[in-house]
Protein chains: 2
Amino acid sequence: MKYSKIKELLNSDKAGFDVVTRGWVRTFRNKQFLALNDGSTIHNIQCVIDFENTPEEQLKRITTSAAIQVEGTLVESQGSGQKFEIQVKKFEILGDSDAEKYPIQLRNRPSLEFLRENAHLRVRTNTFSAVMRVRSILAYAVHKYFNEKGFFYFNAPIITGSDAEGAGEMFRVTALPFDNTPRTEEGAVNYREDFFGRETNLTVSGQLEAETYAMALGQVYTFGPTFRAENSNTSRHLAEFWMIEPEVAFNDLNDNMDLAEDFIRYVVKYATEHCADDLKFLEQRLLDEEKNKPQAERSEMALLEKLNFVLENNFKRVSYTEAIDILRNCKPNKNKKFQYSIDEWGADLQSEHERYLVEKHFKCPVILFDYPAKIKAFYMRLNEDGKTVRAMDILFPGIGEIVGGSQREERYDVLVQKMKELNIPEEDLWWYLDTRKFGTAIHSGFGLGFERLVLFVTGMTNIRDVIPFPRTPQSAEF
Amino acid sequence: MKYSKIKELLNSDKAGFDVVTRGWVRTFRNKQFLALNDGSTIHNIQCVIDFENTPEEQLKRITTSAAIQVEGTLVESQGSGQKFEIQVKKFEILGDSDAEKYPIQLRNRPSLEFLRENAHLRVRTNTFSAVMRVRSILAYAVHKYFNEKGFFYFNAPIITGSDAEGAGEMFRVTALPFDNTPRTEEGAVNYREDFFGRETNLTVSGQLEAETYAMALGQVYTFGPTFRAENSNTSRHLAEFWMIEPEVAFNDLNDNMDLAEDFIRYVVKYATEHCADDLKFLEQRLLDEEKNKPQAERSEMALLEKLNFVLENNFKRVSYTEAIDILRNCKPNKNKKFQYSIDEWGADLQSEHERYLVEKHFKCPVILFDYPAKIKAFYMRLNEDGKTVRAMDILFPGIGEIVGGSQREERYDVLVQKMKELNIPEEDLWWYLDTRKFGTAIHSGFGLGFERLVLFVTGMTNIRDVIPFPRTPQSAEF
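Note that the coordinates shown come from a computational prediction; the quantities given were computed from them, not determined experimentally.

### Looking at the overall build of chain A
For chain A, the count of helices and strands is 14 helices and 16 strands. By principal-axis analysis of the C-alpha atoms, chain A measures approximately 85 × 60 × 45 Å. Each of the 478 residues in chain A was classed as buried or not, and the buried ones make up 59%. Taking the contacts inside chain A whose residues are at least 6 apart along the sequence as the reference set, 67% of them involve residues at least 24 apart. Here chain A has roughly 19,800 Å² of accessible surface; of this, 44% comes from carbon and sulfur atoms. Mean positive and mean negative side-chain charge positions of chain A (61 and 73 charges, respectively) differ by 5 Å.

### A word on the pairing of strand β11 (residues 219-227) of chain B
Residues and elements named next belong to chain B. For β11, the tally of buried residues reaches 9 of 9 residues, placing the bulk of the element in the interior. Note: strand β7 (residues 152-153) against β11, 2 bridges, orientation parallel. Directly across from Tyr-153, in β11, lies its bridge partner Tyr-221. Both β11 and strand β12 (residues 240-249) contribute to a ladder of 9 bridges, which runs antiparallel. Bridge pairing in β12 links Phe-223 to Ile-244.

### Observations regarding helix α7 (residues 276-291) of chain A
Between its terminal C-alpha atoms α7 of chain A stretches 23 Å, which fits the 22 Å expected from 16 residues at 1.5 Å a residue. Elements that come into contact with the buried residues of α7 of chain A comprise α3 (112-117), α4 (126-148), α6 (253-274), α8 (303-312) and α14 (450-458) of chain A.

### Let's talk about the interface of chain A and chain B
Contact with chain A, which involves 110 residues of that partner, is made by 110 residues of chain B. When the two sides are added together, the surface that chain A and chain B hide from each other amounts to roughly 9,000 Å², 62% of it contributed by carbon and sulfur. On the chain A side of the contact with chain B, Phe-178, Phe-250 and Phe-438 of chain A bury the most area, a combined 10% of that side's loss. If you look at where chain A meets chain B, you find 4 salt bridges. Notably, a salt bridge pairs Arg-183 of chain A with Asp-179 of chain B, separated by 2.6 Å at the nearest N-O pair. Summed over the shared surface of chain A and chain B, the number is 35 residue pairs in polar contact (both at pLDDT 80 or more). The element contributing the most residues to the side of chain A that touches chain B is α4 of chain A, with 11 residues. Tallied by class, residues from the side of chain A that touches chain B come to 54 nonpolar, 31 polar and 25 charged. Of the strand pairs in this sheet, strand β8 (residues 172-174) of chain A and strand β9 (residues 172-174) of chain B are connected by 3 bridges, and their pairing is antiparallel. Across the sheet, the residue bridging to Arg-172 of chain A is Thr-174 of chain B, located in β9 of chain B.

### With respect to the packing of helix α7 (residues 276-290) of chain B against helix α8 (residues 303-312) of chain B
Residue and element names in this part refer to chain B. One can describe the packing of α7 onto α8 by two numbers: an axis separation of 8 Å at closest approach and a directional angle of 120°. With respect to α8, the axis of α7 lies oblique. For the pair α7 and α8, the contacting residues are Leu-279, Lys-280, Leu-282 and Glu-283 in the first and Leu-303, Leu-304, Glu-305 and Leu-307 in the second. Here the contact of α7 with α8 is composed, by residue class, of 5 nonpolar, no polar and 3 charged.

### Examining the relation of the copies chain A and chain B
For the match of chain A to chain B, the screw axis carries a shift of 0.0 Å, the RMSD comes to 0.0 Å, and the turn is 180°. The two molecules are tied by a two-fold rotation axis, judged by turn and shift. If distances are taken from each C-alpha of chain A to the rotation axis, the shortest is found for Val-173 of chain A, at 2.4 Å. Mapped onto chain B, 100% of the interface residues of chain A are again interface residues, and the two copies thus contact each other with one and the same surface.

Rules and cut-offs
Residues numbered from 1 in each chain as written. Chains lettered and ligands numbered in written order. Predicted model: local features only at pLDDT ≥ 70, side-chain atom pairs only at ≥ 80, totals over all residues. Heavy atoms only, no water. Helix = DSSP H or I, 4+ residues; strand = E, 2+ residues; numbered from the N terminus. Buried < 20%, exposed > 50% of the residue type's maximum accessible area, 1.4 Å probe, protein only. Contact = heavy atoms within 4.5 Å. Areas by Shrake-Rupley, 256 points an atom, 1.4 Å probe, with all protein chains shown as cover. Lys, Arg positive; Asp, Glu negative; His and termini not counted. Charge placed at Lys NZ, Arg CZ, Asp CG, Glu CD. Pairing = 2+ DSSP bridges. Expected span 1.5 Å × (residues − 1). Buried area = accessible area lost by both parts, 1.4 Å probe. Salt bridge = Lys/Arg side-chain N within 4 Å of Asp/Glu carboxyl O. Polar contact = N/O pair within 3.5 Å; in protein donor to acceptor, adjacent residues only side chain to side chain. Nonpolar A, V, L, I, M, F, W, Y, C, P; charged D, E, K, R; others polar. Axes fitted to C-alpha atoms, helices over the stretch in contact; angles between N-to-C directions. Parallel < 35°, antiparallel > 145°, perpendicular 65-115°, else oblique. Least-squares fit on C-alpha atoms with pLDDT ≥ 70 in both.

This is the structure:
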């Protein structure tokens, strides 16, 4: 017996033959019209049951989320909104779903918050199945892009003994007990007795390790989980998230910006071409959600229009110094509407400033570059002016920072000097410094938060809704 | 200025034009012949330096691993073993490499152990650059296969509050301090004060979460890091490794075996087609390594022959019960050559037994299935005999277990009963049990250790040599 996926059946080029398919009930109307979904597509196939010749107790078992196998004839459909439907000859309930206990009552429009508490079931809804299919296609596009460009996939270590980057608070990984913890004679925790013989943490970035690989394989990228133990309960932060980090030997900051733009455009285009149905559904979802909001809070563009805008328009490249000039003289700054007013060069930009630049001033994605050295990481290349570094951030409307990158400091002496100033011990990063000792060359890279990309492409508004099982402060269920 | 990758130059269909390329020096002979590599291919391009018109101090800087930019004419080569070489007009040292300090003296054949301690530089050798390119291509093949088959990529959580699977010892993830650890009134560690408000660990498998997704999207797969805090200092174990876990609704154990075989064959074929040069090099490396071994310890087949064998021969499917019969009656068992003798049905197979079956008896990959319930995990489907479960392990020559999988117990009552017997609290897995309450259906999946696959395809013999920065007991440098 050959089983067909619902996607295949709906895309069939003919009808009039017998099929068998399996899936879960989405709705069942008038004891006759069963909408069946198997996850292969956002669309359900309508299965028409011969209810007059079906025992009542069988019909009663066709409830939302019941698993069912259907045999019948694929025929052209008149009313279901689809090209084809199944005239059912026989069906079998594989697994019941008690309608009075099933947590998700689809017709009651459960809130996203409620669905988050049922993250193991929410993927059975149209919204989350669409989001997760788009997420999957975007991930595939990431690998496809880099593969076509001759990059090599590099798996950075997740558990790391290196905590020198200072990108944020880290989670400790340990096999030591809290009770009777081994101690040194001085009373400190004796990490020599821990599994790895040293203190270890979850990685915040694979960049430093990726640099060592770029200096041999030329072009590499990571795509893996990274972690931040920051107590940020916002709609844009996760404690565990997936990051993409390309690193390229011989690239300068301009090459790096070109790569980031080309990459983002490629994966967004791939999604629009391969998830058209899901994106159409998500566009309508967003419109429905925003109906009840005041006009000023609604998105200026519909979802697909927004994605096409990114495909068709270059990102605006603006130096930090230019950005500060714009911000210093803008209305909200003069009228004290910013929480943090911008008074002078050197200020760290807050989310409100980034949003002003992207959403109000330029009204398009913006690449800010050449930031003050003082507000950026130690490994970024110092410019000739001695005060700015070759850093870049890409800011997206509605999302904020989606990419952070830089040309790396390739000069051994300059790097060591910078580490000294910041009290980063050389012995912790001996291997990183080796790349500058032996055959150093300019190189650049960036990190893109994958969930922020998925947020942007799906039009969802909370980052917890674009990863299967979100990890946030006080929450690690499942 | 357009820079060319060395791979492009060597694959050029014509010569006689000017090129610019960059890379790292592999060797420099007779002040004239510079072998340059940029990581794009195992092959170096020969760059012929006009040494008579080059100052001596410049020539002296052409040392192993120095970064260099070369401009010249691509010409047909007579002697370099390659089709093309570069007649150099101009070169520039981008980054020096002090020959007296560079840890890897390529010509002295550094040991794999020494290179492991220099994991940040070992990828600059032919062996490790080949291994890591093959690893990257295999990873791409994994995504390509599942994408073509309509699977969705599912990111299982890495930090998990669920420790019910009992697949091995876990690493604790915590933000609590060892000093002045918050305690409950009873004196226990108060995990409510930890970052996630509960005790959390690093995942040992994404399977249980993947099952919840398979029951909505139909076919999903994970490909991410997993962790085991086991003190196993062997050439086949890592504390941090990458695992691939497909999970498919409506698949039974036979479908599962078909999927695993088809999948493995696809990715191995993809590697032979897309990494031919690297694999040829690795085949020779293995031959060289084995030259000094006694005949009995050498591989029976050369690397490519072995890979083709897997492509051309079905895996042998053998029930556990048949395997026990074979083992009980085999010579090594009768002659007490096994460390653990096989006396009766129910015995857990050790590595020595698996190797006997695969390497001596069947001489091909073997799928063992229908194991005793007592030696397998709680979630595997009980057979009608009441004592075996629908489990399968795939055993590979030289590698041992490369895949472990099963049809899952889809019957709520049977699953709950099994959890009771094993003292697994239902409240810890309420969400997992929900999949059996609401629209349950048969489903199956497996886990494939990615590094074991890379070991097999590259012919390397220690798993620490096929992952960039291995994590093992007492070792988490870099």
